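The residues making up each chain are set out below.
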Amino acid sequence: MPKSQNINPKVIRQPKFIEFDKIPVNQYSKTIEEEKKVYTKDDFLRIYNDMVVIREFETMLNLIKTTNEYNGIAYNHPGPAHLSIGQEAAAVGMAYTLSPDDYIFGSHRSHGEILAKGLSAIHSLDEDSLYYVMKNYFGGDALKVVEKGFQGSIKELAVNFLLYGALAEIFARENGFNKGLGGSMHAFFTPFGVYPNNAIVGGSGDISVGAALYKKINRKPGIVVCNIGDASMGCGPVWEGICFATMDQYRTLWEGEYKGGLPLIFNFMNNLYGMGGQTMGETMGYDILARVGAGVNPESMHAERVDGYNPLAVIDAFRRKKRIIEEKKGPVLLDTLTYRISGHSPSDASSYRSKEEIEAWQQEDSILSYGKTIVGAGLATQDQLDEITANTKEKLTQMLKLSIDDNISPRINMQKDPDSIGKMMFSNNSVDRMEEGTAQVLMPMEENQRVKSLKTKERYYIDKEGKPVSKARLYQFRDGIFEAVIDRFYKDPTLAAWGEENRDWGGAFAVYRGLTEALPYNRLFNSPISEGAIVGTAIGYGMCGGRVIAEIMYCDFLGRSGDEVFNQLPKWQAMSGNIIKMPVVIRVSVGSKYGAQHSQDWSSLTAHIPGLKVVFPATPYDAKGLMNTALQGTDPVIYFESQRIYDIGEMFHTEGVPEGYYEIPFGEPDVKRTGDDITILTIGATLYPALKVAEILKEKYGLSAEVIDARSLVPFNYDKVIESVKKTGRILLASDASSRGSFLKEMAQTITELAFDYLDAPPMVVGSRNWITPAYEMEEYFFPQPDWFLDAIHERIMPLPGHQCKTDQSAEKQAELNKEGV
Ligand SMILES: Cc1ncc(C[n+]2csc(CCOP(=O)(O)OP(=O)(O)O)c2C)c(N)n1
Ligand SMILES: [Mg+2]
């Protein structure tokens with residue numbers, strides 16, 4: 001809590017009642033005569049047209065999925081198609097008032113939203129801009145296909161481009177919007193403001209909040225709409241996203257033009273079902289989804305249920321809600337009532353709902369009833385409507401033909417380059433700042449108290465007389481991180497950081513102390529205790545073009561952000577066809593002393609996931625250099641920090657930690673001590689026990705150990721390690737991670753494969769036990785101790801004359817423990 005806001009018990013303890021404002025439900029009541037004042041005839045027809053395009057697009061896919069044919073064209077599409085037949089009015093109403101600067105995020109069922117937003121963007125962009133977009137998207141490859149032999153306006157061409165790009169993406173073709181790497185559930189097209197659609201239910205719930213933060217922090221025009229399903233209200237990321245989006249501080253503590261609510265609409269496409277679970281009446285308790293807004297903030301999130309079967313009602317709601325956002329009173333919660341006539345997927349037998357129910361909704365079909373309304377009001381003739389349908393069918397038939405033709409629309413050529421997807425996992429860029437401009441700070445860096453005090457610190461662990469420097473005078477590990485972070489804050493105007501206790505507290509482990517004075521709230525702020533949303537918002541912020549550092553206070557809390565770290569952060573660069581960059585650094589502190597739920601080293605879990613860069617520095621020099629590299633890149637980095645060593649000084653880089661900027665390349669291990677008889681490869685803070693072991697080996701057994709600090713897990717260049725093994729013929733690997741399934745095992749296996757002929761003994765892994773982490777007083781039985789190294793060397797690698805084992809590191813014991821699963 002900031003000191004500027006005093007919590008007065010005299011006030012807080014007063015009795016009173018919470019009053020809730022009424023939440024409107026289906027209150028739209030304008031007549032078509034009234035609406036005639038708002039829309040032109042063309043507008044009315046445009047709304048009809050866009051709904052028909054979606055209906056026909058989805059109908060076509062349904063026929064392809066269920067009959068392998070559309071309009072005489074045969075095709076087999078084995079992949080998914082979650083259709084939104086019935087939901088067209090909701091999609092078109094949502095997109096109608098939006099400009100290309102407004103971003104939408106969606107779900108697995110978002111074809112309709114992509115088309116609606118695309119058509120809306122085509123309507124509002126001028127022809128030159130449209131052509132520019134098409135020409136510059138992947139070198140204009142998709143444009144060339146739709147342009148060939150085309151006669152008509154640029155806008156018509158753009159509609160074909162939209163249909164073709166979406167279809168090609170759904171069918172996994174290289175000309176798809178995302179090179180065919182996203183597919184039906186993840187297709188998107190950023191030039192039209194269509195941002196990632198997410199196959200993880202509720203996945204957009206926090207990512208979209210990050211996008212809204214990006215707009216707010218970087219003063220970008222436009223709003224963000226998060227289109228998610230009614231069942232996703234039961235998902236953690238959605239609730240966390242809502243909490244993150246409605247924090248008081250935007251209005252109470254953020255200043256100047258940054259003051260005010262987020263430009264965000266949570267738009268629940270409420271089709272009343274999950275897959276088969278009925279949200280109202282069975283799987284949720286909200287009765288009417290909009291009610292949830294009442295619990296969130298005093299404005300009830302301006303929540304409202306709107307009839308999503310009437311496009312005019314939805315447009316009306318979006319117009320009103322956009323005004324609220326312009327007044328900086330967002331975010332808004334919309335419960336857009338709709339119905340999915342189609343199954344959850346084409347194989348859905350609708351066993352969970354009655355025929356009568358579906359028929360009742362079909363009778364109120366939004367396209368039919370809207371068509372009737374506009375014909376009845378003299379705004380269109382039935383012939384005009386029929387013509388729209390006929391035109392749409394023809395267009396879709398043409399685009400389908402193009403998108404399934406293997407010569408015109410091939411897939412990425414994996415035969416030619418089997419590594420082509422691998423090459424898309426990382427962007428490997430080096431970028432000082434994500435945007436030009438002056439970074440907003442509160443003081444010149446030299447005047448910052450912490451920066452000043454660091455100038456007086458000893459940057460090497462012993463002084464000139466060879467005496468250890470006292471803690472108070474020592475430049476510590478945490479200072480290395482701080483220096484890299486503050487440097488980037490002054491360099492990159494887009495850089496923002498958040499997490500729990502990041503501001504006044506100075507970060508739970510004092511890494512950020514001093515930053516609060518240097519940065520306004522809009523660049524450094526405390527988040528709710530929402531680990532999922534801490535990472536999810538960082539993903540949204542990063543994918544829109546901002547650089548961000550998010551912090552997870554303890555590695556053990558990574559579980560809370562599992563989907564974000566394992567499923568979102570690593571995948572969007574490749575899934576976008578490299579349209580998206582992900583300049584996101586997640587700082588993760590690895591605990592000790594606090595027992596089973598605060599002391600796990602889960603670096604191996606993150607290293608297992610393709611698409612994350614993972615580093616684990618163990619010295620102040622490496623901490624600063626690796627953080628600089630992380631903040632110079634545009635890839636997601638999981639940056640581990642061990643709490644055991646936050647206050648250590650630099651022991652290896654004899655000139656001390658440089659004051660200026662330098663980078664340490666990812667993937668390069670560092671030899672911290674040279675030797676000839678055995679190699680010890682460590683990850684993280686285990687470097688220090690390993691050095692003790694090296695000392696004992698030297699003094700007691702006359703052996704020289706080469707100690708290599710991995711520094712990175714992904715990427716990792718094995719050259720230095722193999723070189724060392726060639727020299728020593730023996731290697732032991734150690735880290736604080738529980739040994740079973742750890743990254744050490746992966747490294748041991750790779751070393752075996754790469755250097756088998758040079759090994760005199762199998763690579764030996766010494767990790768933590770496969771148990772819960774016990775209390776601090778018992779930690780010596782859990783984390784690798786020097787004795788364990790020596791015992792393992794003696795028993796499995798080379799006998800150490802006269803050595804008495806304190807632990808059982810024998811093969812028999814290893815087999816027994818595995819048998820027991822501990
Ligand atoms: C995290 C997660 N859990 C389950 C699923 C499987 N699944 C896909 S769609 C769906 C129902 C989602 O319902 P809702 O959010 O209302 O969206 P709708 O399908 O109705 O558009 C489920 C359970 C998933 N994709 N992701
Ligand atoms: Mg639903």
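Residues numbered from 1 in each chain as written. Chains lettered and ligands numbered in written order. Predicted model: local features only at pLDDT ≥ 70, side-chain atom pairs only at ≥ 80, totals over all residues. Heavy atoms only, no water.

(A) Representation of the overall build of the protein chain within the structure. Assigned secondary structure in the protein chain consists of 28 helices and 20 strands. For 822 residues, the compact-globule estimate of 2.2 N^0.38 gives 28 Å, and the protein chain sits close to it at 30 Å. Considering only C-alpha atoms, the protein chain reaches an extent of 100 × 70 × 50 Å along its principal axes. The buried share of the protein chain, taken over its 822 residues, is 60%. Partitioning the intrachain contacts of the protein chain with sequence separation of at least 6 by distance along the chain shows that 77% fall at a separation of at least 24. About 33,100 Å² of surface is accessible on the protein chain, with carbon and sulfur atoms providing 51% of the total. Distance between charge centroids for the protein chain: 3 Å, based on 87 positive and 107 negative side chains. (Helix = DSSP H or I, 4+ residues; strand = E, 2+ residues; numbered from the N terminus. Rg over C-alpha atoms; globule rule 2.2 N^0.38 Å. Buried < 20%, exposed > 50% of the residue type's maximum accessible area, 1.4 Å probe, protein only. Contact = heavy atoms within 4.5 Å. Areas by Shrake-Rupley, 256 points an atom, 1.4 Å probe, with all protein chains shown as cover. Lys, Arg positive; Asp, Glu negative; His and termini not counted. Charge placed at Lys NZ, Arg CZ, Asp CG, Glu CD.)

(B) View of the coordination of the magnesium ion (ligand 2). Summarising the metal site, the magnesium ion (ligand 2) is bound by the protein donors D230 (OD), N271 (OD1) and Y273 (O), whose distances to it range over 2.0 to 2.1 Å. Ordering the donors of the magnesium ion (ligand 2) by residue number gives the pattern D-x40-N-x1-Y. A residue pair is termed long-range when its members are at least 10 positions apart, and D230 in the loop between β5 (224–229) and α10 (236–245) and Y273 in the loop between β6 (264–270) and β7 (304–307) qualify at 43 residues. D230 gets classed as buried once you look at its relative accessible area, which sits at 0%. Accessibility expressed as a relative area gives 4% for Y273, which makes it buried. (Donors = N, O, S within 2.8 Å, 3.2 Å for Na, K, Ca; no water.)

(C) Structural view of unusual backbone geometry. For the peptide bond that leads from G330 to P331, omega is 0°, which places it in the cis range. Inspection of the secondary structure puts P331 in the loop between α12 (311–326) and β8 (332–337). Phi at L272 takes a positive value of approximately 75°, unusual for a residue other than glycine. Relative to the helices and strands, L272 resides in the loop between β6 and β7. Notably, H302 is not glycine yet its phi reads approximately 50°, a positive angle. A residue is classified by how much of its surface remains accessible, and H302, at 17% relative accessible area, is buried.

(D) Looking closely at the state of the cysteines. One pass over the full model with this rule turns up zero disulfides. Take C235: it sits in no disulfide, and the sulfur closest to it among the cysteines is that of C226, at 11 Å. Owing to a relative accessible area of 17%, C235 belongs among the buried residues under this scheme. Left unpaired, C544 is separated from the closest cysteine sulfur, that of C226, by 12 Å. The exposure class assigned to C544 is buried, which follows from its relative accessible area of 11%. (Disulfide = S-S within 2.5 Å.)

(E) Spotlight on the pattern of salt bridges. Throughout the structure, instances matching the rule amount to 40 salt bridges. Residues participating in the shared-partner salt-bridge network are K30, E304, D316, R320 and K321. (Salt bridge = Lys/Arg side-chain N within 4 Å of Asp/Glu carboxyl O.)

(F) How the structure looks around the sheet that holds strand β20 (residues 764–768). As summarised here, the arrangement of the five strands in space is β15-β17-β16-β19-β20, forming an open sheet in which the pairing is mixed. A single partner strand is all that each edge strand has here, and the edge strands are β15 (670–673) and β20. Between one strand and the next, the sheet's axes are offset by a mean angle of 25°, whatever the strand orientation. When strand β16 (residues 678–682) meets strand β17 (residues 705–709), the two strands line up parallel, connected through five bridges. Across the sheet, the residue bridging to I680 is V707, located in β17. Across the sheet, helix α26 (residues 743–755) lies against β16, β19 (731–738) and β20, angled at about 160° from β19, the strand it touches most. Those strands touched by helix α27 (residues 786–797) are β16, β19 and β20, and its axis lies near 150° from that of β20. (Pairing = 2+ DSSP bridges. Axes fitted to C-alpha atoms, helices over the stretch in contact; angles between N-to-C directions.)

(G) Structural detail: the nonpolar core. Residues F57, F192, L213, F244, W498 and L697 are the most contacted members of the largest nonpolar core, which totals 250 residues. Residues contacting L213, with those up to four places away along its chain left out, are N218, F244, Y250, W254, L262, W498, F525, T537 and Y541. With eight residues, the next largest nonpolar core counts L272, Y309, Y339 and I358 among its residues. (Core = buried A, V, L, I, M, F, W, Y, C linked by side-chain atoms within 4.5 Å.)

(H) Representation of the site of ligand 1 within the structure. For ligand 1, the set of nearby residues contains 14 residues, the closest of which are H108, R109, D230, A231 and N271. S232 is positioned with one of its backbone polar atoms (N or O) 3.3 Å from an oxygen atom of ligand 1. Contacts to ligand 1 include N271, whose side-chain N or O atom sits 2.8 Å from an oxygen atom. Considered class by class, the residues forming the shell around ligand 1 number six nonpolar, six polar and two charged. (Near = heavy atom within 4 Å. Polar contact = N/O pair within 3.5 Å; in protein donor to acceptor, adjacent residues only side chain to side chain. Nonpolar A, V, L, I, M, F, W, Y, C, P; charged D, E, K, R; others polar.)

(I) The arrangement of the packing of helix α9 (residues 204–217) against helix α19 (residues 531–544) in detail. Where α9 contacts α19, the axes come no closer than 6 Å and their chain directions differ by 55°. Taken together, the axes of α9 and α19 lie oblique to each other. The hand of the α9/α19 crossing is right-handed. Two secondary-structure elements touch here, α9 through D206, I207, V209, G210, A211, L213, Y214 and I217 and α19 through G532, A533, G536, T537, I539, G540, Y541, M543 and C544. For the contact of α9 with α19, the per-class residue count stands at eleven nonpolar, five polar and one charged. (Parallel < 35°, antiparallel > 145°, perpendicular 65-115°, else oblique. Left-handed = near helix turned anticlockwise from the far one by under 90°.)

(J) Structural view of helix α4 (residues 88–96). Taken across its nine residues, α4 has nine buried, putting it largely inside the fold. Restricting attention to buried positions, one finds in α4 the residues E88, A89, A90, A91, V92, G93, M94, A95 and Y96.

(K) Structural view of the pairing of β16. Among the five residues that make up β16, five are buried, leaving the element largely enclosed by the rest of the structure. Neither face of β16 is open: one carries I678, I680 and T682, the other T679 and L681, and all of them are buried. With respect to chirality, the unit in which β16 leads through helix α24 (residues 687–701) into the neighbouring parallel β17 is right-handed. Relative to β19, β16 is paired through four bridges, and the arrangement is parallel. Across the sheet, residue T679 finds its bridge partner in β19, namely I731. (Right-handed = clockwise from strand over helix to strand, strands pointing away.)

(L) Seen up close, the environment of D365. Inspection of the secondary structure puts D365 in the loop between α13 (355–363) and α14 (366–376). With 325 residues separating them along the chain, D365 and A690 place their C-alpha atoms 71 Å apart. For D365, the contacting residues outside a window of four places in its chain are R55 and Y309. Looking at D365, its side chain comes within polar contact range of the side chain of R55, at 2.7 Å.

(M) Structural detail: the sheet that holds strand β4 (residues 194–198). Reading across from one edge, β4-β3-β5-β6-β8-β7 is the order of the six strands in this open sheet, with parallel pairing throughout. In the strand order of this sheet, the two ends are held by β4 and β7, each with one partner. Taking the axes of each pair of neighbouring strands and ignoring which way they run, one obtains an average angle of 20° across the sheet. Two elements, β7 and β8, share four bridges in a ladder whose sense is parallel. Bridge pairing in β8 places E304 opposite L334. Strands in contact with α4 are β3 (103–107), β5, β6 and β8; relative to β6, the strand with the most contacts, it is inclined by about 170°. Along the sheet face, α9 touches β3, β4, β5 and β6 and points at about 175° away from the line of β5.

(N) Structural view of the packing of aromatic side chains. Tallied over the full model, the rule gives 37 aromatic pairs. With centroids separated by 5.6 Å and ring planes inclined at 75°, the aromatic side chains of Y214 and Y541 adopt a geometry described as edge-to-face. Residue Y214 is found in helix α9, and its partner Y541 is found in helix α19; the two are separated by 327 residues along the sequence. Residue Y214 shares its accessibility class with Y541, and that shared class is buried. Where F616 meets F640, the ring centres are 5.6 Å apart and the plane angle is 35°; that geometry is what we call tilted. One end of the pair, F616, is in the loop between β13 (613–615) and α23 (620–632); the other, F640, is in strand β14 (residues 637–642), and 24 residues separate them in sequence. Judged by its relative accessible area of 3%, F616 is buried. Taken together, the ring pairs in this structure connect Y214, F244, Y250, W254, W498, F525 and Y541 into an aromatic cluster. The ring of F426 has K613 sitting right over it, with the charged end atom 5.1 Å from the ring centre. The ring of F783 carries the charged tip of R644 above its face, separated from the ring centre by 4.2 Å. (Phe/Tyr/Trp six-rings, centres within 6.5 Å; stacked < 30°, edge-to-face > 60°. Lys NZ or Arg CZ within 6 Å of the ring centre and 35° of its normal.)

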